[in-house]
Amino acid sequence: MISLNDFYQGFRDPQTIRHLAQLIAQQAAKTTEQINIMEVCGGHTHTIMKYGLLQLLPDNIHFIHGPGCPVCVMPKERIDHAATLASQADTILVTLGDMIRVPGSMGSLAQFRANGCDIRPIYDPLDTLKIAQDNPDKTVIFFAIGFETSTPMTAALLAQAEALKIDNILFHINHVLVPPAIDAVMSDSRSKVNAFIGPAHVSVISGAQIYQSTVDQYKTPVVVSGFEPVDVMESILRITRQKVAGKAELDNQYSRSVSYEGNIAAQQLVDKYFMVRDSFRWRGLGPIAKSALTLRPEYHHRDAERIYAKVLPTTEIDDHKACMCGDILRGLANPKDCKVFGRGCSPQTPLGSCMVSSEGACNAYYRYGEVNHDI
Amino acid sequence: MLITAMEKLIMTSKKTIQLSHGGGGKEMDQLIHDLFFKAFDNPILTSQEDAAKLNMCGHIAFTTDSFTVSPLFFAGGDIGKLAIAGTVNDLAMMAAQPEYLSCSFIIEEGFPLDDLTTIVNSMAAELHKSGARIVCGDTKVVPKGCADGLFINTSGVGRILHPDISVRNLQVGDAIIVSRDIGCHGAAILMARDGLTLESELRSDCDTLWPIIEQLLVANIDIHAMRDATRGGLSAVLNEWAKASNIGIDVEEASIPICDEVKGLCELFGFEPFDLANEGTFIMALPMDLAEGAIEVMQRYGHCEHAAIIGHVTERHPGKVVLQTPWGSSRYLDLPQGELLPRIC
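Residues numbered from 1 in each chain as written. Chains lettered and ligands numbered in written order. Predicted model: local features only at pLDDT ≥ 70, side-chain atom pairs only at ≥ 80, totals over all residues. Heavy atoms only, no water.

Our working rule: UniProt positions are given in the numbering used here, feature names are shortened, and annotations may be inferred rather than shown by experiment.
Chain A is annotated in an unreviewed UniProt entry as Hydrogenase maturation factor of Shewanella frigidimarina. Under the UniProt heading Sequence similarities (unreviewed entry), the note attached to chain A is "Belongs to the HypD family."

Dropping the structure here:
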């Protein structure tokens, strides 16, 4: 049996972290190049800010916080979809935790719940089965969000719903893909990113292979990293070593969980139920071709987006003009460059994508701050 | 008609609270006498006046709290224990000796009488720890669906023994002490809730703090501020202090006692142990040179084996709490925000 302290023990050892910081400084001193690392995943942004890792790095290593926060990248009109679905008669909307507090143009799901809608946050998508079985006279809509990490769980729910013939479960699919988001960032000629830390959990499913094209096309190192501070520091060291040696390779620091091929059974399950959408609009980044999934035609009878097409809002809603999230996600600006950061825009009243979830860059800067720069 | 012992048992075990128990008539009178008076027995309560007559002098602390915990029974306690410990602890944190409490029940129709009895007995047991007495009360029964089982409100008064304790009284150089490992109540409740199915030995820290506080006051320790770290946890207390006293607080992360189960739960669900609620854990500020002595008293008389100095008050960054990591970096320890919900990936 896994003990709860197995999750973190050893990966936060102060001596190891200090030693890694020394090694990074030694390596970084060997190059005059500015190393601009994008950590694609919001989980890494959280680690970097929560553990104050930026303060341990030399001046020529910078972080650019990427678009890998599934809640942050949801455009407002799709959050409005969730609220609209929840407002239908005899409907239960089920979704994963963080989604509940993100405001759309009509309010957050938490507000809709307070106004009487039946909205249930869950931790395990398979819990939806019991909710549907307990409420046979209601339509239960699973509002599915997340990157490659969470898609297999949605697929497993759909597989179970089909196998058990639980017909009152529908799906609203918002599963997005990491590689097209990386391409969207790099295709901007102003992009300063010249190295990547690859997501941890996404790579467990998809394998490190999905970043090979990034390495080949943009000649940047990609190091797949675990989420603990020791993981991230070691990945920074590996990137710095590649930079000093003039290399651009795919490397896997998180080898205790990630293989090159990934979890093939999970990939097959996803492939059975999902296909790539032509385009998906990302909050802050705009429409990105082939960057998200949708249900295959065989499962259109489960697709809430089609079944409720007539009532779901279609107008695209952009963020506040002053919001710089698009530039922050592309690495062209830092949260503190934004005029509304911490003034009009805070975690309670977010104006843009990066402030909405604890994994967004602005939210992490707001919450944890960069203390040494301020005092 | 002959009723077998088994049938009798089934009948009694299925007894539930009816709307009539709150109607002011015979059923209510029976409930009050058979259950509440029996458990909370004292002459002020059983005199049954419209209001309790109290004999008090000097500065009095007065507090109130409502309890709505779900589930009602959890590892380490229940809503009854919580309702007594919570109000008694609020008085204790003002260095006031908990003396008289009021107690109001809002009960949902159909609530099992056995459960109510267990809860009331657990309240009585908790009262013994501080010597406080319930001297007045109220019972309302609401129709099914209008409350979640049982809500309890308790208010309390007590004579202040040390008048200078205040959130505005923190001074530069003060030590910050935490009385035990943090986050156990919040973690135990989260584990007990539907959807978070985990097996663990973890128990809520829910407990009456007065016996420890009494020992600190007897030892004549010059306490500047005290607060039990309930909702919002350690983060909320330290941030409130920093703002109210307009000072900064530096905390050493490695010094904060946190048990393995709480750490593991936080890892699994993306919570911060500093944000989790406690119900029998307090934070104290006092001059640094008195800190070791205070910890000795707490350990010797109060079962506070894990009490620790976790930080100090500074004139830098007024209004802010800064957490120093064991590897030399630092960050703000901000107030928790929003609902405590699991992170998704």
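With respect to the sheet that holds strand β6 (residues 118-122) of chain A
In any sheet, the strands associate via hydrogen bonds between backbone groups, in a parallel or an antiparallel arrangement. Residue and element names in this part refer to chain A. So the rule is basically this: Here the rule is simple: two strands pair whenever DSSP picks up at least two bridges between them. In DSSP terms, a helix is any run of H or I states spanning at least four residues, a strand is any run of E spanning at least two, and both are numbered starting from the N terminus. Axis lines are fitted to C-alpha atoms, over the contacting stretch for helices. Their N-to-C directions set the angle, which ranges from 0 to 180 degrees. Contacts are assigned to residue pairs with any non-hydrogen atoms lying within 4.5 Å of each other.
As summarised here, the arrangement of the 4 strands in space is β6-β3-β7-β8, forming an open sheet in which the pairing is parallel. What marks the edges here is a single partner per strand, and that holds for β6 and β8 (169-175). The sheet shows a mean angle of 20° between the axes of neighbouring strands, direction not considered. Note that strand β3 (residues 91-96) and β6 share 5 bridges and pair parallel. Pairing of Ile-92 across the sheet is with Asp-118, part of β6. Of the strands in this sheet, β7 (139-146) and β8 are in contact with helix α6 (residues 151-163), which crosses β8 at around 160°.

A word on the environment of Glu-109 of chain B
All names here are of chain B. Heads up, the rule is: We call a residue buried when its accessible area falls under 20% of the maximum for its residue type, exposed when it is over 50%, and partly exposed in between, using a 1.4 Å probe and counting protein chains only. Pairing of N or O atoms within 3.5 Å defines a polar contact, subject to two protein rules: one partner must be a possible hydrogen donor and the other a possible acceptor, and residues neighboring in sequence count only if both atoms are side-chain atoms.
Of note, Glu-109 is situated in the loop between β4 (96-108) and α5 (113-130). The class for Glu-109 is partly exposed, based on a relative accessible area of 25%. Considered as a pair, Glu-109 and Gly-22 are 87 residues apart in the sequence and their alpha carbons are 9.5 Å apart. A distance of 3.0 Å separates a polar atom in the side chain of Glu-109 from the backbone nitrogen of Lys-144.

Topic: the environment of Ala-291 of chain B
All names here are of chain B. Mapping Ala-291 onto the fold places it in helix α10 (residues 288-301). A sequence separation of 69 residues divides Ala-291 from Asp-222, and the C-alpha atoms of the two residues are 9.9 Å apart. Not counting residues up to four positions away in its chain, the partners in contact with Ala-291 are Ala-175, Ile-177, Leu-286 and Ile-309.

Things to note about the pairing of β4 of chain B
Residue and element names in this part refer to chain B. Basically, it comes down to this: Orient the strands so they point away from the viewer; a crossover is then right-handed if the path from the first strand over the helix to the second runs clockwise.
Looking at chain direction, β4 and strand β6 (residues 150-160) are connected through 11 bridges and run antiparallel. In the strand pairing of β6, Ile-106 is matched with Phe-151. By the bridge criterion, 9 bridges tie β4 to strand β5 (residues 133-142) in an arrangement that is parallel. Within β5, the residue paired with Ser-104 across the bridge is Asp-138. What joins β4 to β5 is α5, and the crossover it makes is right-handed.

Some words on the environment of Ile-48 of chain A
All names here are of chain A. Its place among the elements puts Ile-48 in helix α2 (residues 42-50). Of the residues examined, Ile-48 reaches a relative accessible area of 1% and is grouped as buried. Distance from Ile-48 to Phe-63, taken between C-alpha atoms, is 9.1 Å for residues 15 residues apart in sequence. If sequence neighbours within four positions are ignored, Ile-48 has contacts with Glu-39, Leu-53, Leu-54, Phe-63 and Val-232.

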